[in-house]
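Working through the structure, step by step
Letter by letter, the chains look like this.
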Amino acid sequence: GGYVVGPRAVLDDGLLDVLVVPNVPVDAWGQVLHDLLNLGKQPGEKILYRQVPALEIQAEQPLYINLDGEPLRDTHFRFGVLPRRLPVILPQPSGPDRAWSQPEPGT
C-alpha cells in the first residue's frame with residue numbers, strides 16, 4: 001500500500017505508463033530500489049519511466065508475459081491504448097492528485 005507505480009498516470013489520457021528495469025548487477029539493486037521509491041520526484045539512474053501512446057517489443061528469443069491473467073509466449077508484442085473507449089463512472093476528484101483528466105466540454 002501507498003506505493004505509486006505510475007506517478008504521472010492518468011486513466012483517460014491515451015498514454016501507457018511504461019517502467020523498464022534493465023538487467024543490472026546485484027551491486028546496483030540498491031540504486032534500482034532508490035529509483036523506484038523516488039519515481040516522479042527525480043530521474044532514475046537505473047530505470048526508465050516514459051509515457052507513450054503505444055509500445056512495441058521485438059525480441060530475438062521468445063518472451064513469456066502474463067497479460068491480464070493470460071500467459072503468452074512470442075518474440076513480438078504491441079500494446080496500445082484506445083482513448084476514452086471504456087466508459088467508467090468515477091467520483092469527482094477531491095484534490096490536486098487526480099487520476100483522470102478533466103472532461104471535455106459537451107462530453
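Residues numbered from 1 in each chain as written. Predicted model: local features only at pLDDT ≥ 70, side-chain atom pairs only at ≥ 80, totals over all residues. Heavy atoms only, no water.

**Things to note about the overall build of the protein chain**
The helix and strand inventory of the protein chain stands at 1 helix and 4 strands. Shown N-terminal to C-terminal, the secondary structure of the protein chain runs as helices and strands in the order β-α-β-β-β. Buried residues in the protein chain amount to 15% of all 107 residues. Approximately 8800 Å² of the protein chain is accessible, and the part contributed by carbon and sulfur atoms is 56%. (Helix = DSSP H or I, 4+ residues; strand = E, 2+ residues; numbered from the N terminus. Buried < 20%, exposed > 50% of the residue type's maximum accessible area, 1.4 Å probe, protein only. Areas by Shrake-Rupley, 256 points an atom, 1.4 Å probe, with all protein chains shown as cover.)

**Examining the nonpolar core**
Within the largest apolar cluster, 7 residues are counted, these being Val24, Ala28, Val32, Leu36, Leu39, Ile47 and Tyr49. For Val24, the contacting residues outside a window of four places in its chain are Trp29, Val32 and Lys46. (Core = buried A, V, L, I, M, F, W, Y, C linked by side-chain atoms within 4.5 Å. Contact = heavy atoms within 4.5 Å.)

**Some points on the pairing of strand E3 (residues 54-67)**
Here E3 runs beside strand E4 (residues 70-80); their pairing, made up of 10 bridges, is antiparallel. Bridge assignment links Gln58 to a residue of E4, and that residue is His76. What sits between E3 and E4 in their antiparallel hairpin is a turn of 2 residues, with Asp68 showing a positive phi close to 55 degrees. (Pairing = 2+ DSSP bridges.)

**Remarks on the side chain of Asp35**
By the secondary structure assignment, Asp35 is in helix H1 (residues 29-37). Buried within the structure, Asp35 lacks any salt-bridge partner; its nearest side chain of opposite charge belongs to Lys46, at an N-O separation of 7.6 Å. Here Lys46 takes part through its backbone nitrogen, which lies 2.6 Å from a polar atom of the side chain of Asp35. Other than its neighbours up to four places away in sequence, Asp35 contacts Gly44, Glu45, Lys46 and Ile47. (Lys, Arg positive; Asp, Glu negative; His and termini not counted. Salt bridge = Lys/Arg side-chain N within 4 Å of Asp/Glu carboxyl O. Polar contact = N/O pair within 3.5 Å; in protein donor to acceptor, adjacent residues only side chain to side chain.)

**Details of the packing of aromatic side chains**
Applying the stated criterion across every chain yields a total of 1 aromatic pair. Geometrically, the ring pair formed by Phe77 and Phe79 is stacked, given 6.2 Å between the ring centres and 10 degrees between the ring planes. (Phe/Tyr/Trp six-rings, centres within 6.5 Å; stacked < 30°, edge-to-face > 60°.)

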